[in-house]
Amino acid sequence: MRTTILSLTLLLLALCGNLRAQQADTLSIRQQSIVAIAANTVTGDLENLKTALARGLDSGMTVNEVKEVLVHAYAYCGFPRSLRGLQTFMQVLDGRKAQGITDTVGRDASPVGDTRDKYTRGAELLEKLSGAPKDAPKTGYAAFAPIIEQYLKEHLFCDIFERDLLTWQERELATVSILAALGEGVEPMLRSHSAICLRQGITEGQLRQMTAIATDNE
């Protein structure tokens, strides 16, 4: 059973170190759309995903930005959910076109000029993102299965995070939403990515709001 809204909220509050009253700051409509798109993608709630996708477009997100959230999701919840999200988005776009709505496609990701090897680039990006030194000794899963740590640096934090259609903050907001919607069993990842969200400028109040949106289908 997925973690309840209350337990997830308390987990994030514990990360912040206190139980202060909810702050007045809130996520923007664009940010709320990213959260809802990511969360409904991971749970496979395609009807609510349609609503979230339409809201994202109506809030000013381009077609390519919405697609990027759905593509980003595969790294945390797998290809099947991501592909179903993309197929659902195609349906939404077809429906809107039939209604005479013209959505802005938007730009593609900018070319990457850094020609260094992907592992180095990914390690440096992760260091900037999390604050953890890139040359720290490998422990835990990284020492146990070095190949997964290589994939993590080369693909996730290089191939994906280098794409500039979403900001790092938006990618982390999507990631935390996915992990919150997944629920029990991914608490260490939820804690670490919540900390990265705070480092990237998301506030405690916004994290609480994100949790409520991401787990709304409990």
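Note: the structure precedes this text.
These lines cover the structure that appears in this document, whether it is placed above or below.

About the cut-offs
- Residues numbered from 1 in each chain as written.
- Predicted model: local features only at pLDDT ≥ 70, side-chain atom pairs only at ≥ 80, totals over all residues.
- Heavy atoms only, no water.
- Helix = DSSP H or I, 4+ residues; strand = E, 2+ residues; numbered from the N terminus.
- Buried < 20%, exposed > 50% of the residue type's maximum accessible area, 1.4 Å probe, protein only.
- Contact = heavy atoms within 4.5 Å.
- Areas by Shrake-Rupley, 256 points an atom, 1.4 Å probe, with all protein chains shown as cover.
- Phe/Tyr/Trp six-rings, centres within 6.5 Å; stacked < 30°, edge-to-face > 60°.
- Lys NZ or Arg CZ within 6 Å of the ring centre and 35° of its normal.
- Salt bridge = Lys/Arg side-chain N within 4 Å of Asp/Glu carboxyl O.
- Patch = residues over 30% accessible without salt bridge, like charges linked within 9 Å, V, L, I, M, F, W, Y side chains within 5 Å.

**Quick word on the overall build of the protein chain**
Helices and strands together make up the secondary structure of the protein chain, namely 11 helices and 0 strands. Starting at the N terminus and walking to the C terminus, you meet the elements of the protein chain as α-α-α-α-α-α-α-α-α-α-α. Scored against the burial criterion, the 218 residues of the protein chain give a buried share of 43%. Put simply, of all contacts in the protein chain between residues at least 6 apart along the chain, 77% involve residues at least 24 apart. Carbon and sulfur atoms form 58% of the exposed surface of the protein chain, whose accessible area is close to 10,900 Å².

**Concerning the packing of aromatic side chains**
Inspection of the entire model under this criterion finds 2 aromatic pairs. Seen from their ring centres, Tyr-74 and Phe-79 are 4.3 Å apart, and the 20° between their planes marks the pair as stacked. The ring of Phe-161 is capped by Arg-171, whose NZ or CZ atom sits 6.0 Å from the centre of that ring.

**Remarks on the pattern of salt bridges**
If you walk through the whole model with that rule in mind, you get 14 salt bridges. The residue Asp-103 makes a salt bridge to Arg-96 at a minimum N-O spacing of 2.8 Å. A salt bridge links Glu-127 to Lys-134; the nearest nitrogen and oxygen atoms lie 3.8 Å apart. With a relative accessible area of 41%, Lys-134 lands in the partly exposed category.

**With respect to the environment of Lys-118**
With respect to the helices, strands and loops of the structure, Lys-118 is situated in helix 6 (residues 118-130). Remark: the alpha-carbon pair of Lys-118 and Asp-159, spanning 41 residues in sequence, is separated by 7.8 Å. Ignoring anything within four residues of it in the chain, the contact list for Lys-118 reads Lys-153, Glu-154, Cys-158 and Asp-159.

**Notes on a nonpolar patch on the surface**
Taken together, the side chains of Tyr-141, Ile-147, Ile-148 and Tyr-151 present a nonpolar region at the surface, about 430 Å² in accessible area. In terms of residues, the nonpolar patch owes the most to one element, helix 8 (residues 146-160), which gives 3 residues. Along the chain, Tyr-151 turns up in helix 8.

**Brief notes about helix 11 (residues 204-214)**
For helix 11, the tally of buried residues reaches 9 of 11 residues, placing the bulk of the element in the interior. The complete set of buried residues in helix 11 reads Glu-204, Gly-205, Gln-206, Leu-207, Arg-208, Gln-209, Met-210, Thr-211 and Ala-214.

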